[in-house]
Amino acid sequence: MHSPLPRSLVLSVLASLILAVLVFSACGLAPAPFSRITPAPYYLPDTAASALDVTVSISVGGNSLSSVGTHVRVFFSVPGHLVAFRDGETLSCDGAAPVALSGMRYETKDQFSTTDVGTDHPFSCTYTTKGRSSNFAVVIPAAPEIITPTEGATLPRAQDQLVTYQSVTGRAELAAFSYAPPGANFPDVNTSAKITSPGYMTLDTSAFDPGQGHIDITETPAVRVIAAGGFHAFAANCGASALVHVTWE
């Protein structure tokens, strides 16, 4: 069955691309926007925390059956470059054993269980170089939730398909998709709208063909920064989503 990329994956990719144009600062100085990312590893003679800009990119929520979870990426940078490491620098997050940094990012998937995405969670890390350590900590926002329809529901194609949901920010976007059959020479069909009513909204799915599809909700909640001492600059951003698969009849 053909289907578009899960919105949670799209959000994760977009969160990474944000580094190339702009980051959303939750507290204090933000890393300088990149006019161009240099793909080759970029090494600094001194990787002290005070020389580094840190961006934490978070994706939370996702597919209601198989890919609900939290994905955290930590980027170290200086203007124009993502920084790579080679002198034994480490990062330890949420009490886990220190991980030796080598590439240009640190990432963790499914940091919390599938039942945890509905609540806020603290996330803290310790960066260490040459025996000197600096800490940062953020609160990972909760994911939104689609309450009805439920996963696997069969729905009529209608001008006023009711969707009930729980939004984190009140500024989410709701969308419905109808998948094109395998081998079809036409694209998937979708309809979307920014939410205007707290907790419920209708979508026009009357133009959909019968078959498989999904409904999703996406938003970009602010990330609360608890601590970010010692770094040159710090920023955090988050993409949150929820998705249910449905059948249009």
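Residues numbered from 1 in each chain as written. Predicted model: local features only at pLDDT ≥ 70, side-chain atom pairs only at ≥ 80, totals over all residues. Heavy atoms only, no water.

Brief notes about the overall build of the chain
Secondary structure summary: the chain contains 1 helix and 18 strands in total. Evaluated residue by residue, the chain yields a buried proportion of 48% over its 249 residues. Long-range contacts, defined here as pairs at least 24 residues apart, represent 70% of the contacts in the chain between residues at least 6 apart. Just so you have it, the chain exposes about 11,800 Å², and 56% of that area is on carbon and sulfur atoms. (Helix = DSSP H or I, 4+ residues; strand = E, 2+ residues; numbered from the N terminus. Buried < 20%, exposed > 50% of the residue type's maximum accessible area, 1.4 Å probe, protein only. Contact = heavy atoms within 4.5 Å. Areas by Shrake-Rupley, 256 points an atom, 1.4 Å probe, with all protein chains shown as cover.)

Describing the environment of I195
Here I195 lies in the loop between β14 (189-194) and β15 (200-203). Along the backbone, I195 and A175 are 20 residues apart, and their C-alpha atoms lie at a distance of 9.8 Å.

Notes on empty space enclosed by the protein
All told, the structure shown has 2 cavities of 30 Å³ or more when counted by the stated rule. What lines the second largest cavity is Y43, L44, T47, A84, F85, R86, D87 and E89. Here the lining of the second largest cavity is built from residues that sort into 4 nonpolar, 1 polar and 3 charged. (1 Å grid on protein atoms, 1.4 Å probe; cavity = no way out; pocket = protein on both sides within 12 Å on 5 of 7 lines; lining within 4 Å. Points joined across faces, edges and corners; volume = space filled by probe spheres on them. Nonpolar A, V, L, I, M, F, W, Y, C, P; charged D, E, K, R; others polar.)

Some details on the state of the cysteines
A complete count under the given rule lists 1 disulfide for this structure. Paired through a disulfide, C93 and C125 show a sulfur-sulfur distance of 2.0 Å. When the S-S torsion is 105 degrees, as for the bridge of C93 with C125, the disulfide is right-handed. Of the two residues, C93 sits in strand β5 (residues 90-93) while C125 sits in strand β8 (residues 121-129), which places them 32 residues apart along the sequence. You'll find C93 and C125 in the same group, each marked buried. (Disulfide = S-S within 2.5 Å.)

A short note on the pattern of salt bridges
Enumeration over the complete set of coordinates arrives at 1 salt bridge. A salt bridge links R132 to D46; the nearest nitrogen and oxygen atoms lie 3.8 Å apart. You can see R132 sitting in strand β9 (residues 132-140) and its partner D46 sitting in the loop between β1 (38-42) and β2 (53-63), a full 86 residues away along the chain. Since its relative accessible area comes to 38%, D46 is described here as partly exposed. (Salt bridge = Lys/Arg side-chain N within 4 Å of Asp/Glu carboxyl O.)

Focus on the nonpolar core
Counting residues in each nonpolar core, the largest one holds 31 residues, and the members touching the most others are V56, V74, F76, L91, Y127 and F136. Residue assignment for this core shows that the elements contributing at least two residues are β2, β3 (69-78), β5, β8, β9 and β18 (233-248). Excluding residues that lie within four positions of it along the chain, F136 makes contacts with V54, V56, V74, L91, F123, S124, C125, A227, A228, F231 and F234. Core analysis: the next-biggest nonpolar cluster, separate from the first, contains 18 residues, I146, F208, I217 and V246 among them. (Core = buried A, V, L, I, M, F, W, Y, C linked by side-chain atoms within 4.5 Å.)

Topic: unusual backbone geometry
Geometrically, the link from T148 to P149 is a cis peptide bond, its omega value of 0 degrees lying close to zero. Counting through the fold element by element, P149 comes out in the loop between β10 (145-148) and β11 (153-155). The phi torsion at K130 lies on the positive side, around 50 degrees, for a residue other than glycine. As for its placement among the helices and strands, K130 is situated in the loop between β8 and β9. According to the relative accessible area criterion, K130 is exposed, its value standing at 57%.

Section: the sheet that holds β10
Across a sheet, strands are paired by hydrogen bonds formed along the backbone, either parallel or antiparallel in direction. With respect to topology, 3 strands assemble into an open sheet ordered β10-β12-β15, the strand pairing being antiparallel. This sheet does not close on itself; its edge strands, each paired only once, are β10 and β15. Across the sheet, the axes of successive neighbouring strands diverge by a mean angle of 40 degrees, strand direction being ignored. The pairing of β10 with strand β12 (residues 161-166) spans 3 bridges and is classified as antiparallel. Residue pairing for β12: I146 is matched across the bridge by Y165. (Pairing = 2+ DSSP bridges. Axes fitted to C-alpha atoms, helices over the stretch in contact; angles between N-to-C directions.)

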